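# Remarks on the overall topology
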Amino acid sequence: MLATSLSLSALRRRATAAAASAPPWWTTAEHLVDGTAPALAADLARDRYALGADKSFADLFTLSSGSKRVVDAAGLLATAAANAPAWDWSTGRRRLLLEPAPATNLCLQSNALATSAWTVTGTVSSDVFVGWSGATDLDRYAEAASANLVRTAAAIPIVAGQTYTVSCVLRRDNADWVRLMVGDDSTFPRVGRVWFNLATGTVGATVTGGGAHTVSGPRCTALGNGLWRCSFQVVTVGYSTLWLAMNTASASGSNSRADVGSGAGIGSAFGLGHVQVEAGAVATSWIPTTTAAATRVADDLRLSPAALALLGGSAATIALRGRAAAIGTSAPILLGSDAEIRLAEITSTGLLASGNGSASLTATTGGGAVTADFGAAIARAATGRKAALTGG
């Protein structure tokens, strides 16, 4: 036992000595910018920071944000506190979730179908399935006739001509296909429809008819536990109201209810919750609602005064590597110090030309649409300014 103890102690001493002799993490090859170690480094994926020495997140950044829902390392929905980093694992790896614009969930009682906010022809059973949070809080909707559906009980007020995103969490019970519908009237005379397969996560047909709201961009994202977050965009056409409804379907593109052995729409069922209707072309983090619409404020992440002082000299370079899960119209990614000037901005088609308040800056885009891993850099000196995105 004594020999084993001495051996372990020696190993610990060697490991400690090796760590002490290792170069600072921000000077290693993966963090160099054109061969130069950064004066400031923030490795958000590994939660490590440097400003000449090891620092904390709070040493480098100031963050103003509201509370928001994130996906934790176990794949479950969790709440990030206001004004605190929102660490999110929805892409399979740790990231800092930033919502650069405010968002409002216009759908009332977004996770409670057995309320007056929903009209149900069929049966709702509350809290039947394990939901996104890991708790048993996902409702079950079961049809009892061939014309059954669940829909919003009142019109959702919208702005005609604007794009909205509809999203919800669905779970298969005994029917594979579910049909989501949007219309401008409670009877759905003009209706846009999207079909989703809850057995496979497959997106089915997309149909818009009769001059109704135009639907596009359907997505189905696996959440684990048989749950899918399904979403699509709606461009409102000449109407200021939106109604949302769901039911089962016998197949993609079919308007008939699923038949699970007793006839179409008799006993066919699925799980439904976490419904969201929001302005914009991206499904953002879920915003819970009860009897009124709820708003999540925009996140504002800035360099701390100590970090910002680095940009006050005659020359500076900022480089950023990250992953954009989805981009709607645009999202600012690099901000400057003078009156918070926007230095660079990513959009669904690349990097916008931007400026420093006195001179125009034209940037060349490299990789086109920014929907995955990307790199962006902007540099300024007395002789000029340059910017690049994804190798451009």
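As a reminder, the structure under discussion sits directly above these lines.
Residues numbered from 1 in each chain as written. Predicted model: local features only at pLDDT ≥ 70, side-chain atom pairs only at ≥ 80, totals over all residues. Heavy atoms only, no water.

### Brief notes about the overall build of the chain
Test applied: Comment: elements are numbered from the N terminus, with helices defined as DSSP H or I runs of at least four residues and strands as E runs of at least two. Accessible area is worked out with a 1.4 Å probe on protein chains only. A residue is then buried under 20% of its type maximum, exposed over 50%, and partly exposed in between. Computed with a 1.4 Å probe, the accessible areas rest on the Shrake-Rupley method; for each residue, only the protein chains presented here act as cover.
Helix and strand counts for the chain come out as three helices and 33 strands. Counting every position in the chain, which comprises 392 residues, the buried fraction comes to 38%. Split by element, the accessible area of the chain, about 18100 Å² in all, is 54% carbon and sulfur.

### Section: the sheet that holds strand S12 (residues 136-144)
The condition is simple: The pairing criterion is simple: DSSP has to find at least two bridges between the two strands. Helix axes are fitted only over the stretch in contact, all axes being lines through C-alpha atoms; the angle between N-to-C directions runs from 0 to 180 degrees.
Pairing within the open sheet is antiparallel, and its six strands lie in the order S11-S12-S22-S15-S20-S19. Of all strands in the sheet, those with a lone pairing partner are strand S11 (123-130) and strand S19 (214-224), marking the two edges. Across the sheet, the mean angle separating the axes of adjacent strands is 35 degrees when strand polarity is ignored. Strand direction decides the pairing type here: strand S15 (residues 163-172) and strand S20 (residues 227-235), joined by nine bridges, are antiparallel. Looking at the pairing, Cys-168 lines up with Cys-230 of S20.

### Observations concerning the nonpolar core
Here is the rule: Only buried Ala, Val, Leu, Ile, Met, Phe, Trp, Tyr and Cys residues count toward a nonpolar core, and they belong to the same one when joined by side-chain atoms within 4.5 Å. For this analysis, residues touch if any pair of their heavy atoms sits within 4.5 Å.
Leu-170, Phe-232, Met-246, Phe-270 and Leu-272 are the most contacted members of the largest nonpolar core, which totals 31 residues. If we ignore the near neighbours within four places in the chain, the residues touching Leu-170 are Val-178, Leu-180, Leu-198, Gly-226, Leu-227, Trp-228, Cys-230, Phe-270, Gly-271 and Leu-272. Core analysis: the next-biggest nonpolar cluster, separate from the first, contains nine residues, Trp-132, Leu-138, Val-169 and Trp-286 among them.

### Considering the side chain of Ser-254
To keep things clear, this is the line we draw: The definition of a polar contact used here is a pair of N or O atoms within 3.5 Å, where within protein one atom must be able to donate a hydrogen and the other to accept one, and adjacent residues in sequence count solely through side-chain atom pairs.
Tracing the backbone through its elements, the reader meets Ser-254 in the loop between strand S21 (241-249) and strand S22 (266-279). Among the residues examined, Ser-254 registers a relative accessible area of 16% and is labelled buried. A polar atom in the side chain of Ser-254 sits 2.8 Å from the side chain of Ser-250. Non-local contacts of Ser-254, meaning those with residues more than four positions away in its chain, are made with Arg-179, Trp-195 and Ala-249.

### Some details on the sheet that holds strand S3 (residues 54-55)
Reading across the sheet, the three strands line up as S1-S2-S3 and stay open at both edges, with antiparallel pairing between neighbours. Edge strands, defined here as strands with exactly one partner in the open sheet, are strand S1 (40-43) and S3.

### Some points on the environment of Ala-144
In this fold, Ala-144 is placed in strand S12. If near-sequence neighbours (up to four positions away) are discounted, Ala-144 is found in contact with Gly-122, Gly-265 and Ile-266.

### Digging into the pattern of salt bridges
Note the following rule: By definition here, a salt bridge exists when the distance from a side-chain nitrogen of Lys or Arg to a carboxyl oxygen of Asp or Glu is within 4 Å.
What the rule picks out here adds up to 12 salt bridges. Its salt-bridge partner being Asp-47, residue Arg-94 comes within 3.4 Å of it at the nearest N-O pair. You can see Arg-94 sitting in the loop between strand S7 (87-88) and strand S8 (95-96) and its partner Asp-47 sitting in the loop between S1 and strand S2 (48-51), a full 47 residues away along the chain. Since its relative accessible area comes to 17%, Arg-94 is described here as buried. Accessibility expressed as a relative area gives 41% for Asp-47, which makes it partly exposed. Linking Asp-300 and Arg-302 is a salt bridge whose minimum nitrogen-to-oxygen distance equals 2.9 Å. When its relative accessible area of 27% is taken as the criterion, Asp-300 is described as partly exposed.

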